[in-house]
Amino acid sequence: PGVHVYLIDEMYLAAAQQQDNPAEYQAQLDDLKRGIALVRQKLPSAKVGISFSPHATFGNPKIMPYIQQAIAQVDWVGTTSYWLGDKTTIAALHEWSRALPGIAKAAQPRIETWYIAQAFRDPAWDKQAFRDYMQTELQISDSYDAIIFFGWQETSELSRQTAGRYFEAETRAVYSRFLKK
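Note that the structure is a prediction, hence the values are computed from the model and not measured.

Participant: Please clarify how the sheet that holds strand E2 (residues 47-52) should be interpreted in this entry.
Facilitator: Strands pair in a sheet through their backbones, by hydrogen bonds, and they do so in one of two ways: parallel or antiparallel. Taken in spatial order, the five strands line up as E1-E2-E3-E4-E5 in an open sheet, and their pairing is parallel. Looking at the sheet topology across the chains shown, the edges are occupied by strand E1 (4-8) and strand E5 (146-150). Each neighbouring strand pair of the sheet contributes to a mean axis angle of 30°, computed without reference to strand direction. With five bridges joining them, strand E4 (residues 112-118) and E5 adopt parallel strand pairing. Following the sheet pairing, Trp114 is matched in E5 by Ala146. Contacts from helix H3 (residues 64-71) reach E2 and strand E3 (76-79), with the element oriented near 160° to E2.

Have a look at this one:
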């Protein structure tokens with residue numbers, strides 16, 4: 001209940017893809033603090049949140065302290081553990097999804113954790129690998145306080161054909177417990 005402000009989507013992702021640079025992480029953390037102050041001034045009862053992509057952590061050992069500091073500032077945190085077709089990343093994505101609730105609670109005990117479920121798939125990706133990946137991820141999502149879906153109806157930055165509403169029956173079945181009957 002109430003207003004939830006999604007302040008930063010996939011915090012640190014762009015910076016981490018360029019280099020593992022603590023100065024850039026600190027700059028983004030400072031920006032987050034300024035954004036939170038503005039939201040608290042204008043909407044004092046709003047819950048402020050951010051999300052992280054596990055892809056930002058891959059090969060970036062200096063990022064975790066900044067992720068923890070960012071989590072300590074907010075009321076809710078989400079993860080966008082999106083599989084992008086590379087089977088070699090599946091284990092690391094699952095590991096991140098399993099770990100984030102504990103990381104979040106350690107950084108901020110009253111935090112809400114949100115699993116932002118992938119509901120899109122590039123038609124060229126291995127369909128069975130995607131189904132298996134999402135089956136496990138949706139089981140992991142039970143350890144979060146809330147779940148929301150990204151891409152079921154449409155994804156503004158991707159082709160319409162990637163949206164979940166176009167999934168074949170076998171893939172839709174993976175999501176069945178969340179779909180209206």
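Participant: Can you help me understand the pattern of salt bridges in this one?
Facilitator: A side chain with one charge can pair with a side chain of the opposite charge if their charged atoms come near. Enumeration over the complete set of coordinates arrives at eight salt bridges. A salt bridge links Arg131 to Glu168; the shortest N-O distance between them is 3.1 Å. Of this pair, Arg131 sits in helix H5 (residues 127-140) while Glu168 sits in the loop between E5 and helix H6 (169-174); the two residues are 37 residues apart in sequence, bridging distant segments of the chain. Here the salt bridges do not stand alone but share partners, grouping Arg121, Arg131 and Glu168 into one network.

Participant: Can you walk me through the environment of Arg177 in this structure?
Facilitator: Counting through the fold element by element, Arg177 comes out in the segment after H6. Counting along the chain gives 164 residues from Arg177 to Leu13, while the straight-line C-alpha distance between them is 31 Å. The residues contacting Arg177, other than those within four sequence positions of it, are Leu138, Gln139, Ser141 and Asp142. In terms of polar contacts, Arg177 uses its side chain to reach the backbone carbonyl oxygen of Leu138, at 2.7 Å.

Participant: Just to check I follow, could you spell out unusual backbone geometry for this structure?
Facilitator: Backbone geometry at Glu10 places phi at a positive 55°, although glycine is not the residue there. Looking at the element boundaries, Glu10 is found in the loop between E1 and helix H1 (13-18). Positioned with a positive phi, Tyr12 is a non-glycine residue whose angle comes to about 75°. Mapped onto the elements of the fold, Tyr12 is located in the loop between E1 and H1. Look at Tyr12 and you get buried, because its relative accessible area is 1%.

Rules used throughout
- Residues numbered from 1 in each chain as written.
- Predicted model: local features only at pLDDT ≥ 70, side-chain atom pairs only at ≥ 80, totals over all residues.
- Heavy atoms only, no water.
- Pairing = 2+ DSSP bridges.
- Helix = DSSP H or I, 4+ residues; strand = E, 2+ residues; numbered from the N terminus.
- Axes fitted to C-alpha atoms, helices over the stretch in contact; angles between N-to-C directions.
- Contact = heavy atoms within 4.5 Å.
- Salt bridge = Lys/Arg side-chain N within 4 Å of Asp/Glu carboxyl O.
- Polar contact = N/O pair within 3.5 Å; in protein donor to acceptor, adjacent residues only side chain to side chain.
- Buried < 20%, exposed > 50% of the residue type's maximum accessible area, 1.4 Å probe, protein only.

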